[in-house]
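Understanding the architecture of this molecule
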Amino acid sequence: MSDLGHVLVLAGGLSYEREVSLRSGRRVSEALQGAGVSVETRDTDASLVPSVLANPPDAVFVTLHGGAGEDGAIRSVLELLSIPYVGADPDACRVAFDKPTAKTVVRSVGLRTPDSVTLPKETFHDLGASAVLTRIVERLGLPLFVKPSRGGSALGASIVRVAEELPSAMVGCFAYGDTALIERCIKGVEISVSVIDLGEGPVALPPVEIVPDDGTYDYAARYTAGHTEFFAPARLSPEVSAACSEMAVTAHTALGLRDISRTDLIVDEDGLPHFLEVNVAPGMTETSLFPMAAEAAGEDFGTLCRVLLEQAAARGA
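**Describing the packing of aromatic side chains**
Here the distance between the centres and the angle between the planes together describe a pair of aromatic rings. Throughout the structure, instances matching the rule amount to 1 aromatic pair. An angle of 70° between the planes, with centres 4.8 Å apart, marks the rings of Tyr-16 and Tyr-176 as edge-to-face. With a gap of 160 residues between them, Tyr-16 in the loop between β1 (7-10) and α1 (18-34) and Tyr-176 in the loop between α8 (166-174) and β8 (179-184) connect regions that are remote in the sequence. On the basis of relative accessible area, Tyr-16 is assigned to the exposed category, the value being 55%. Accessibility expressed as a relative area gives 33% for Tyr-176, which makes it partly exposed.

**A short note on the pattern of salt bridges**
Taken as a whole and judged by the stated rule, the model has 16 salt bridges. Salt-bridge contacts for Arg-94 lead to Asp-91; the nearest nitrogen and oxygen are separated by 2.4 Å. Of this pair, Arg-94 and Asp-91 are both found in helix α4 (residues 90-97), 3 residues apart, which corresponds to roughly one turn of the helix. Since its relative accessible area comes to 40%, Arg-94 is described here as partly exposed. The salt bridge involving Arg-315 is made with Asp-259; its shortest N-O contact spans 2.9 Å.

Rules and cut-offs
- Position numbers for residues start from 1 in each chain and track the written sequence from start to end.
- pLDDT decides what is reported in this predicted model: residues at 70 or higher carry local features, side-chain atom pairs at 80 or more are listed and counted, and totals for whole chains, interfaces and linings draw on all residues regardless.
- Computation of side-chain values covers all heavy atoms of the structure but excludes hydrogens and water.
- Within 6.5 Å between ring centres, the rings of Phe, Tyr and Trp (the latter by its six-membered ring) count as paired, and their orientation is classed by plane angle as stacked under 30 degrees, edge-to-face over 60, tilted in between.
- Strands are runs of DSSP state E lasting at least two residues, helices are runs of H or I lasting at least four, and both sets are numbered from the N terminus onward.
- Relative accessibility thresholds used throughout: buried, under 20% of the residue-type maximum; exposed, over 50%; partly exposed, between the two (1.4 Å probe, protein chains only).
- By salt bridge we mean one thing: a side-chain nitrogen of Lys or Arg within 4 Å of a carboxyl oxygen of Asp or Glu.

Structure, rendered in structure tokens:
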């Protein structure tokens with residue numbers, strides 16, 4: 001049994017990724033119970049703060065995705081309550097959660113990332129959508145990848161292969177956020193590298209290769225069993241695998257992250273990895289990449305979660 005008295009898993013929330021968060025929370029709770037930890041799972045509603053104040057947990061595992069779960073807000077509240085938690089602090093979350101800002105930070109430390117344009121909805125409309133989109137295609141070329149600047153689970157994201165598809169891609173993106181990130185789409189192998197720090201510095205778990213059935217790693221491909229084939233570890237040469245791992249650890253460090261993160265990247269036809277984005281609260285569902293990477297490393301998922309909570313509890317609020 002664990003020395004932890006009881007821990008709290010936060011899951012749900014009000015973001016577009018609520019259902020994924022509930023699945024992540026359930027998976028983490030079950031894994032912790034299997035590792036001998038007394039677990040309570042709660043949503044982020046009006047009863048949360050009174051409950052935590054009445055019965056403070058030893059530590060909190062945040063499995064909230066998108067919105068308050070990854071932008072630092074809920075972590076700020078936990079700090080106000082003097083409750084320790086697993087994961088990055090609010091300042092680091094704010095930087096990492098905003099994809100254009102994260103790209104700027106990692107580029108400043110020498111990481112390769114696709115050329116892009118960040119476009120708020122107001123600018124898109126005020127300057128004339130047609131003229132702006134034409135210039136984007138001229139500047140970045142085709143294909144393009146359009147996604148909200150904040151958020152995850154590929155919601156509002158789409159590939160643009162011909163210029164005529166760009167206006168509808170922008171409309172779809174703006175349905176999930178007020179700012180669009182339009183990137184040059186790099187052809188290659190999709191790779192995810194999870195990073196974990198158990199007290200001796202961040203280390204990369206084995207890279208996971210992602211092969212969606214229809215070629216697009218969208219919401220359905222991410223969370224529907226059988227829609228995507230995964231290879232853990234990825235089918236990469238030792239040199240390319242090492243480069244991917246180094247990129248993920250460098251991004252984790254440069255962004256000031258803590259405990260866990262997951263970096264998504266793409267390896268081009270020349271074997272060069274390109275940083276796409278980083279996740280401060282990686283998915284923990286049955287089809288999520290962090291648990292797959294842990295298993296590929298020969299680690300027990302529940303034990304890892306327990307150690308992360310013990311580490312957070314020892315660190316304090």
